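The primary structure of each chain is shown beneath.
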Amino acid sequence: MQTLLVNKTDFADVSIVNYDAGALPDGQIRVDIGPFALTANNVTYMVTGDQIGYWSVFNPTAYDLTEDNNQGRMPVWGYGLVRESNFPGIEVGTKLYGFFPIAKSMDMQPGKLSAHGFTDIAEHRSGLHGLYSSYSFTDADPSYGAHVDLQPVLRPLFTTSFLIDDFLDDENFFGAEQVLLLSASSKTALGTAYCLKARGGLPVVGLTSESNKAFVEETGFYKDVFSYDSITDMNPDVKTVVVDMSGNMGVIRTLEDHFEENLTYICRVGISHWQEAAKAPPKRTATPTAFFFAPDRAKQRIADWGQAGFAQNLGARWMPFLDSAKDWLTVEKAEGMEAVLENYKDLLNGQSAPDKGYLFTL
């Protein structure tokens, strides 16, 4: 069986490791992984892997895959199927949804078992937010039956989109008159634009590459769409709150120069431009800037609304967005590590097509 290791200081440097799963310990389950999705969000997980703890989730040293602490495994969202079980209450054949490594299989130590799922309580996973160690039984949640192939591609991203929209509204959009989304073709940006448009109120403007401009316009989620080389065509007198999905500091500096004091807040969400991640944030203006961590916002809203209320509010936006996605997103499936590596290379180079999603099984 195979798994993918990534050099934590050079994401383009990857290696494939073969492993023998061995005998399954008591109290654990063995899960076949896939299909799983690859999106630009996975690159953000690696960029923030040390700060937030994503590298620890599937730390290859904890699974005896390597002794090199500079190697990590990039987390992905997807489905799993229980192949073996030494845990009472979880049967072979149970279907799961959650966070996985790029691997053929993994062993988990279930805890906090309920009718809806469980938590992997393996010791090395204890430090990360509970969202990333929780697994759903797909048969217990009817929403997984809708557009099953779109779910792994869009579900984790849309939850972030929903929470960004909620956060901005809660903050009265920081006094802005419009919302500007960077990397407007990204799936998280599209979900955010959808939620903002559904809410009504401030106009939503997208900033994207010239090659993706037509696609972004055709979704109908944005009032206006500009390319990166036409930033100065935007009206600089409009107070603007920025949601940054890319982490491209050059673009941020250009926006600061253009809008000056009318840039009211920069909400940093993604870092798909991973080569830019090590560069210092812009300091030219006093515009407040903060990284948005969706799990903390989700925890706050679950406390405010209750788990059922949170699910209801999210679902009210999620299901219509999911229905819309079948019109603008095509999901392609592939098997094998070679296909994964080809798509992974495109992600690192910013060459993934915005109108496609990708699902893989090893």
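**Regarding the environment of Y228**
Phase 1: The residue Y228 is located in the loop between β13 (224-227) and β14 (240-244) in this model.
Phase 2: Considering only alpha carbons, one finds Y228 and T289, 61 residues apart in sequence, at a separation of 20 Å.
Phase 3: Every residue in contact with Y228, bar those within four places of it in the chain, is listed here: L182, S183, L207, T208, S209 and V251.

**Side note on empty space enclosed by the protein**
Phase 1: Under the criterion given, the structure shown has two cavities of 30 Å³ or more.
Phase 2: Approximately 60 Å³ is the volume found for the largest cavity.
Phase 3: Listing elements by their share of the lining of the largest cavity, those giving two or more residues are α1 (40-47) and α4 (151-170).
Phase 4: Broken down by element, the lining of the largest cavity gets its largest block of residues, four residues, from α4.
Phase 5: Classifying every residue of the lining of the largest cavity gives six nonpolar, three polar and no charged.

**Regarding the nonpolar core**
Phase 1: The biggest cluster of nonpolar side chains holds 48 residues, and the ones touching the most others in it are F99, I102 and M108.
Phase 2: Contacts of I102, omitting those with residues within four sequence positions, involve T3, L4, F36, L38, M74, V76, M337, V340 and L362.

**Looking at α4**
Phase 1: Between the first and last C-alpha of α4 there are 27 Å, a value that for 20 residues agrees with the 28 Å anticipated at 1.5 Å per step.
Phase 2: Largest kink in α4: about 25°, centred on F158.
Phase 3: Once α4 ends, the next one or two residues include N172, with phi positive near 55°.

**Looking at the packing of aromatic side chains**
Phase 1: Scanning the entire structure with this criterion turns up 31 aromatic pairs.
Phase 2: On the numbers, 5.9 Å between centres and 20° between planes, the contact of W77 with Y97 is stacked. Here Y97 lies in strand β6 (residues 95-101) and W77 lies in strand β5 (residues 75-85), a separation of 20 residues in the sequence.
Phase 3: An aromatic cluster of three or more residues is present, and its members are Y45, Y54, F58, W77, Y79, Y97, F99, Y132 and Y144.
Phase 4: In this structure, R155 is placed above the aromatic ring of Y97, and the distance from its NZ or CZ to the ring centre is 5.9 Å.

**Details of the pattern of salt bridges**
A side chain with one charge may pair with a side chain of the opposite charge, provided their charged atoms come close.
Phase 1: Overall, the coordinates contain 17 salt bridges when judged by the stated rule.
Phase 2: Its salt-bridge partner being D107, residue R30 comes within 2.7 Å of it at the nearest N-O pair. Highlighted residues: R30 in strand β3 (residues 29-37) and D107 in strand β7 (residues 105-108), separated in sequence by 77 residues.
Phase 3: You can call D107 partly exposed: its relative accessible area is 21%.

**Quick look at the packing of α4 against helix α8 (residues 294-328)**
Phase 1: It is at 8 Å that the axes of α4 and α8 come closest, and there the two elements cross at 125°. For the element pair α4 / α8, the angle class is oblique. In the crossing of α4 with α8, the sense of the turn from one axis to the other is right-handed.
Phase 2: Residue composition of the contact of α4 with α8, grouped by class: 15 nonpolar, five polar and six charged.

**Points about the layout of surface pockets**
Phase 1: Roughly 420 Å³ of internal volume is contained in the second largest pocket.
Phase 2: Taken together, 21 residues line the second largest pocket, and the ones lying closest to its centre are A21, A62, Y63, D64 and D107.
Phase 3: For the lining of the second largest pocket, the per-class residue count stands at ten nonpolar, four polar and seven charged.

**Examining the sheet that holds β14**
Phase 1: Pairing in this open sheet of six strands is parallel, and the strands run β13-β12-β11-β14-β15-β16 from one edge to the other. Each edge of the sheet is formed by a strand with only one pairing partner; in this case those strands are β13 and β16 (289-291). When strand polarity is set aside, the average angle formed by the axes of neighbouring strands in this sheet is 20°.
Phase 2: Strand direction decides the pairing type here: β14 and strand β15 (residues 263-268), joined by five bridges, are parallel. Within β15, the residue paired with V242 across the bridge is I266.

**Topic: the pairing of strand β18 (residues 356-361)**
Phase 1: Bridging between β3 and β18 involves two bridges; their strand directions are antiparallel. Within the sheet, the bridge partner assigned to A37 lies in β18 and is L359.
Phase 2: Here six bridges tie strand β17 (residues 330-335) to β18, and the two strands are oriented parallel to one another. Its bridge partner being in β18, V331 is matched across the sheet by G357.
Phase 3: Read from β17 through helix α9 (residues 337-348) to β18, the crossover connection turns out right-handed.

**Notes on unusual backbone geometry**
Phase 1: Residue P35 is reached from G34 by a cis peptide bond, and omega for that bond is -5°.
Phase 2: Positionally, P35 belongs in strand β3.
Phase 3: The phi angle at D64 is positive, at roughly 60°, despite the residue not being glycine.
Phase 4: Its location among the elements puts D64 in the loop between α3 (54-57) and β4 (71-72).
Phase 5: Owing to a relative accessible area of 72%, D64 belongs among the exposed residues under this scheme.
Phase 6: The phi torsion at N172 lies on the positive side, around 55°, for a residue other than glycine.
Phase 7: Among the secondary structure elements, N172 is positioned in the loop between α4 and β11 (178-182).

Rules and cut-offs
Residues numbered from 1 in each chain as written. Predicted model: local features only at pLDDT ≥ 70, side-chain atom pairs only at ≥ 80, totals over all residues. Heavy atoms only, no water. Helix = DSSP H or I, 4+ residues; strand = E, 2+ residues; numbered from the N terminus. Contact = heavy atoms within 4.5 Å. 1 Å grid on protein atoms, 1.4 Å probe; cavity = no way out; pocket = protein on both sides within 12 Å on 5 of 7 lines; lining within 4 Å. Points joined across faces, edges and corners; volume = space filled by probe spheres on them. Nonpolar A, V, L, I, M, F, W, Y, C, P; charged D, E, K, R; others polar. Core = buried A, V, L, I, M, F, W, Y, C linked by side-chain atoms within 4.5 Å. Buried < 20%, exposed > 50% of the residue type's maximum accessible area, 1.4 Å probe, protein only. Expected span 1.5 Å × (residues − 1). Bend = angle between axes of the 7 residues up to and from the residue. Phe/Tyr/Trp six-rings, centres within 6.5 Å; stacked < 30°, edge-to-face > 60°. Lys NZ or Arg CZ within 6 Å of the ring centre and 35° of its normal. Salt bridge = Lys/Arg side-chain N within 4 Å of Asp/Glu carboxyl O. Axes fitted to C-alpha atoms, helices over the stretch in contact; angles between N-to-C directions. Parallel < 35°, antiparallel > 145°, perpendicular 65-115°, else oblique. Left-handed = near helix turned anticlockwise from the far one by under 90°. Pairing = 2+ DSSP bridges. Right-handed = clockwise from strand over helix to strand, strands pointing away.

Shape is all these values report; function is a separate question.
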